[in-house]
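Overview (structure and organization)
Residue-level listing of the chains:
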Amino acid sequence: MGYSGQGNTSRVSISEALVVATMYVTVTVPDSLEVPDRPCRVILTAQGLLARTDDAQTLPDTETETGSTAIAGSVETTTRGTIAVITSAGRAHRVDVLELPMTSSGHSVAGAPVSEYCSLDRGEKPVGVMPVSASAAPAEPEEPATDQVAAVQAVTAIGTAQGVVKRLSNDVPVGKDIWDVISLKAGDRVVAAASSRD
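Note that this is a predicted model, so its numbers are computed, not measured.

For the rest of this paragraph, the subject is the pairing of strand β8 (residues 82-87). With six of its six residues buried, β8 lies for the most part within the structure. Burial along β8 is two-sided: T82, A84 and I86 facing one way and I83, V85 and T87 facing the other are all buried. Where β8 lies against strand β9 (residues 91-96), five bridges are found, and the strand directions are antiparallel. For A84, the partnering residue across the bridge sits in β9 and is R94. Linking β8 to β9, which pair antiparallel, is a turn of three residues; within it G90 sits at a positive phi near 80°. Sheet analysis places β8 next to strand β11 (residues 126-131), joined by five bridges and oriented antiparallel. Looking at β11, one finds that I83 is bridged to P131.

Before going further, it helps to examine the sheet that holds β8. Paired through backbone hydrogen bonds, the strands of a sheet run either parallel or antiparallel to each other. The antiparallel open sheet is built from four strands, whose spatial order is β11-β8-β9-β14. Because the sheet does not close on itself, it has two edges, and the strands there are β11 and β14 (178-180). Across the sheet, the mean angle separating the axes of adjacent strands is 30° when strand polarity is ignored. Note: β9 against β14, three bridges, orientation antiparallel. Paired with A92 across the bridge in β14 is W179.

Our next topic: the sheet that holds strand β3 (residues 39-45). The antiparallel open sheet is built from four strands, whose spatial order is β7-β3-β4-β10. Of all the strands in the sheet, just β7 (71-78) and β10 (112-113) have a single pairing partner and so form its edges. As defined by bridge partners, β3 adjoins strand β4 (residues 49-52) across three bridges and the pair is classed as antiparallel. Bridge pairing in β4 places I43 opposite A51.

If you look at the biggest cluster of nonpolar residues, it comprises 14 residues, and the most contacted ones within it are I86, A92, M130, I158, W179 and V181. Those elements that provide at least two residues to this core are β8, β11 and β15 (190-197). If we ignore the near neighbours within four places in the chain, the residues touching I86 are R91, A92, K125, P126, V127, G128, M130, I158, V181, V190 and A193.

In this section: the environment of D188. Checked against the element boundaries, D188 lands in the loop between β14 and β15. Sequence spacing of D188 and Q162 is 26 residues, and the spatial spacing of their C-alpha atoms is 6.1 Å. Aside from chain neighbours lying at most four places away, what touches D188 is T160, A161, Q162 and V164. At 2.8 Å, the side chain of D188 forms a polar contact with the side chain of T160. Within the structure, D188 has its side chain in polar contact with the backbone nitrogen of Q162 (distance 3.1 Å).

The subject of this paragraph is the environment of G159. With respect to the element layout, G159 can be found in strand β12 (residues 154-160). Classification of G159 by relative accessible area gives buried; the value is 16%. Placed 33 residues apart in sequence, G159 and A192 show a C-alpha to C-alpha distance of 5.4 Å. Not counting chain neighbours up to four residues away, the residues in contact with G159 comprise V164, V165, R189, V190, V191 and A192.

How each quantity is defined
Residues numbered from 1 in each chain as written. Predicted model: local features only at pLDDT ≥ 70, side-chain atom pairs only at ≥ 80, totals over all residues. Heavy atoms only, no water. Buried < 20%, exposed > 50% of the residue type's maximum accessible area, 1.4 Å probe, protein only. Helix = DSSP H or I, 4+ residues; strand = E, 2+ residues; numbered from the N terminus. Pairing = 2+ DSSP bridges. Axes fitted to C-alpha atoms, helices over the stretch in contact; angles between N-to-C directions. Core = buried A, V, L, I, M, F, W, Y, C linked by side-chain atoms within 4.5 Å. Contact = heavy atoms within 4.5 Å. Polar contact = N/O pair within 3.5 Å; in protein donor to acceptor, adjacent residues only side chain to side chain.

See the structure below:
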């Protein structure tokens, strides 16, 4: 195969052309595709959206041009950690943080519906989130606890419409993805949940 130009004639084989075309291509392969376990914050909005931020900074009160983004709850955790969504039915639903979409930690918060991660009964609504202790998670811990993981060692308090307040630990029953955190009387429901360091 050859190529003829004005005044010059040169012959280049297909194999030689491919060598020339590819000899300067460099492909960088990462050492690991695993997402590092870094501090972050999980957010639950009043609209029932879940998301995680790329850091653990406390969120400011958020108001946007299209209205206000009310935050129902947020907890400090890590990207490979676990949180639980507390619902009005007095149940906790385990959620892996890594599965949540990333959102901004500024004045605009977006996310995915809680129903994509939790099996809610009719009328059951998310009211808050709590961190899950790494030592009590169903999955075996891969590394000893670090300062990054220490942030999830907190307690959660919940309150009901009839005025009952209960202090919870953040331990997950082994092998459970959904569990009861409070026994409700007839007609009562959980209206709020908040976490803080013990």
